[in-house]
Amino acid sequence: MLIEFRVKNYRSIRDEQVLSLIASKDTELSETNLTPIGIKSLGSVVRSAVIYGPNASGKSNLLRAMAFMRAGIAESATVAQLGQAYSVQPFRLDAATSQQPSEFEITLIESGIRYQYGFSLTPERIIDEWLLVYRTPKPQQWFHRRFDVKDGMHHYEFSAHLTGPRKLWQESTRPNALFLSTAVQLNSELLRPVFTGIVERTRHLGAGLMIAPNFTTALLNSQTGKDSVRDFLASADISISDIVAMPRKSFVHEIKLTPVGAAMQTSGEEREMLVPQFVHETAKGVARFELHDESAGTQHLYALAAPVLEVLKNGGVLVVDELDSSLHPLLVRRLVSMFHNNTLNPNGAQLIFTTHDISLLDHTLFRRDQIWFTEKDADQATRLYPLTDFSVRKKEALERGYLAGRYGAIPFFSDLVPPAKSAQLAD
C-alpha cells in the first residue's frame, strides 16, 4: 500500500515534490474511496489519485520518476554491471542542480509495517541510501549508506534491528548498485517486504507505449482467467460474447548483444504461441475476429485487462500515464470505479494516473484529496499540488473551475501572427 512518494532533481522536477495518498479528515466517499491503513496516526489512504496539467507540465515525469525508482531497485543488483551508468537526468535548467544527484523516496505499508526507503544517485554511483522502519511509532533507522567524496568510499551505519550477514551484503554491493537490492538478492528476509512492495506489487504503464497483450492472453489458459477477461470486456459494454485462445506456430527471431567489435549473433526458431480471437454474435450470424481487427480502444482495454485484474485481486499499485488514451470517458470512469468498489477491490489496490479528461473532475467520483495538478514555474520547474490547497466548496463544479483557471495547471495561448504581418514586423 503506497503512502507517499517524493522526488527531487529529476528531469523537469527541480525542488522536492510530494505525492501523498494519505486521506484528509473529510468523510466524503470514505466508504468507497478510502482504505484504512491500520495505523492510528495515519488513518486511511485514497484508492486512486488523478493528475491533471497542461502538456509538458511534468505529469509524465512524476510517473517516470516512480518507474525509475522501481527499475533501479529491481535491476541494480542483477542487471546493471560494474561501471555501468544510470540514465538519470537532473534538472538541467539550473546550474546549481545540473551536477547534483537525483533523489527518490517512497513510504509504503507491507504486512502492517510502515517502511520509508529512499536513495540519491548520479549517473555514476549511489550517493545516499536509507531505510526507516516503523514497527513502533518511533522510527528505527535500519541502515544508512553515504558516499564520502574525500576518500571515495561508501560508509554504512546499521541498526541492531537489521540482522543477517550485513558485512557480506555491504562488501557485495557495487558502487552503482543499491544495498537493498543486493541484500535481497542474497536472501535478506527482513528487507524482502520493501523490495516486494515496490517491485512486485507495483505496475507501471507508460504513455504512448503499446501495452503487450501477452499477459492478458496468458490468462486465457484457464477457464477462470478466460471468464475474468471476458467479463472485464463485457462490463465495458464491448460486444464480445466470448474469447478463445488459438495456438499458432510463429517463427521468432532473437538478436543477442555481443562485445564491441564482435559479429552480431542472431537465431531463430519456430514456436507455438496463443492468439486471442474474439467472438461477436448477432441474430444474423456469428464471426471471430483477431486482436488487430478490433478497434484501438478494444485493443488497449484488452491489454489493460491483465494488470487491472491482477492488482484488483492481489492488491498493489497500478500507475498509468494517460489512462484515457483511446478510451471513451465513460469507460475511464468505469475503470476508476472498479478501484472504488469494495467487492471488486477487496485488498485496497490503488490506481494513480494522468489524464486530460476533465469530465472525470466530478465530486461523485473523486474526493478533493484525490485530485492533483502539475504546472511549471518561471524557471520551467514542475510544481505538484493537490486540489485541497484551494478553498473548494462541497459539490462545487470542479470541471468549470478548472477550465476557468481557478486551480491553475492549464495551458496559456498566445495569438498566432499571420506570415505576412510577421514579415512586416521583421522589416
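Structural notes, computed from the coordinates. Predicted, not measured: the structure shown is a model, and the values here were computed from it. (Residues numbered from 1 in each chain as written. Predicted model: local features only at pLDDT ≥ 70, side-chain atom pairs only at ≥ 80, totals over all residues. Heavy atoms only, no water.)

### Digging into the packing of helix 8 (residues 296-314) against helix 9 (residues 329-339)
Taken N-terminus to C-terminus, the directions of helix 8 and helix 9 make an angle of 15°; their axes are 11 Å apart at the nearest point. On the basis of their axis angle, the class for helix 8 and helix 9 is roughly parallel. Considering only the axes of helix 8 and helix 9, their crossing is right-handed. When helix 8 is examined against helix 9, the residues Leu301, Leu304, Val308, Val311 and Leu312 are found in contact with a partner set consisting of Leu331, Leu335, Met338 and Phe339. (Axes fitted to C-alpha atoms, helices over the stretch in contact; angles between N-to-C directions. Helix = DSSP H or I, 4+ residues; strand = E, 2+ residues; numbered from the N terminus. Parallel < 35°, antiparallel > 145°, perpendicular 65-115°, else oblique. Left-handed = near helix turned anticlockwise from the far one by under 90°. Contact = heavy atoms within 4.5 Å.)

### With respect to the pairing of strand 15 (residues 317-320)
Side chains Val317 and Val319 of strand 15 all project onto a buried face; the interleaved residues Leu318 and Val320 project onto the opposite face, where all are buried too. When strand 11 (residues 202-205) meets strand 15, the two strands line up parallel, connected through four bridges. Paired with arginine 203 across the two strands is leucine 318, which belongs to strand 15. Here strand 15 pairs with strand 16 (residues 350-354) via four bridges, running parallel. Bridging from a neighbouring strand, leucine 318 pairs with leucine 351 of strand 16. Read as a crossover between parallel neighbours, the route from strand 15 over helix 9 to strand 16 is right-handed. (Buried < 20%, exposed > 50% of the residue type's maximum accessible area, 1.4 Å probe, protein only. Pairing = 2+ DSSP bridges. Right-handed = clockwise from strand over helix to strand, strands pointing away.)

### Some thoughts on the packing of aromatic side chains
Aromatic ring pairs are reported here in terms of the distance separating the ring centres and the angle at which the planes meet. Evaluated as defined, the whole model comprises 20 aromatic pairs. Aromatic side chains tyrosine 10 and phenylalanine 104 sit 5.5 Å apart centroid to centroid with 65° between the ring planes, which places their arrangement in the edge-to-face category. One end of the pair, tyrosine 10, is in the loop between strand 1 (2-8) and strand 2 (17-20); the other, phenylalanine 104, is in strand 6 (residues 102-110), with 94 residues separating them in the sequence. Accessibility classification places tyrosine 10 together with phenylalanine 104 in one group, the buried group. (Phe/Tyr/Trp six-rings, centres within 6.5 Å; stacked < 30°, edge-to-face > 60°.)

### Some details on the environment of threonine 196
As for its placement among the helices and strands, threonine 196 is situated in helix 5 (residues 192-200). Residue classification places threonine 196 among the buried positions, given a relative accessible area of 18%. When the C-alpha positions of threonine 196 and glutamate 110 are compared, they lie 8.6 Å apart, and in sequence the two are 86 residues distant.

### A word on the pairing of strand 8 (residues 126-134)
Taking burial as the measure, the nine residues of strand 8 include eight buried ones, the bulk of the element. In this sheet, strand 8 lies alongside strand 7 (residues 113-121) in antiparallel orientation, the contact comprising eight bridges. Residue leucine 121 lies in a different strand from strand 8, and its bridge partner there is isoleucine 126. Connecting strand 7 to the antiparallel partner strand 8 that follows it, the hairpin turn spans four residues. When strand 8 meets strand 9 (residues 140-148), the two strands line up antiparallel, connected through six bridges. In the strand pairing of strand 9, aspartate 128 is matched with arginine 146. Between strand 8 and strand 9, which pair antiparallel and follow one another directly, the connecting turn spans five residues.

### Some words on the environment of alanine 80
Of note, alanine 80 is situated in the loop between helix 2 (59-75) and strand 6. Assessed through its relative accessible area of 12%, alanine 80 is described here as buried. Expressed as a C-alpha distance, the spacing of alanine 80 and arginine 174, which sit 94 residues apart in the sequence, is 9.7 Å.

### A short note on helix 8
In a regular helix each residue adds 1.5 Å, so 19 residues correspond to 27 Å; helix 8 covers 28 Å between its end C-alpha atoms and thus fits that length. Across the 19 residues of helix 8, 15 count as buried, placing the element largely inside the fold. After helix 8 finishes, the residue glycine 315 shows a positive phi value of roughly 85°. (Expected span 1.5 Å × (residues − 1).)

### Thoughts on the sheet that holds strand 17 (residues 371-376)
Spatially, 11-15-16-5-17-18 is the arrangement adopted by the six strands of the open sheet, whose pairing is mixed. At either margin of the open sheet sits one strand with a lone partner, and together these are strand 11 and strand 18 (382-386). Between one strand and the next, the sheet's axes are offset by a mean angle of 15°, whatever the strand orientation. Packed on one face of the sheet, helix 2 meets strand 5 (48-52), strand 11, strand 15, strand 16, strand 17 and strand 18 and runs near 135° to strand 11.

### With respect to the sheet that holds strand 6
One open sheet accounts for seven strands, arranged 2-1-6-7-8-9-10; its pairing is antiparallel. Strands at the two margins of the open sheet, each flanked by one partner only, are strand 2 and strand 10 (153-158). Pairwise comparison of adjacent strand axes, ignoring direction, gives a mean angle of 10° for this sheet. Bridging between strand 6 and strand 7 involves nine bridges; their strand directions are antiparallel. Directly across from glutamate 105, in strand 7, lies its bridge partner glycine 118. Running over the sheet, helix 2 touches strand 1, strand 2, strand 6 and strand 7 and is turned about 100° from strand 1. Its contacts with the sheet place helix 5 against strand 6, strand 7 and strand 8, and it is angled at close to 105° to strand 6.

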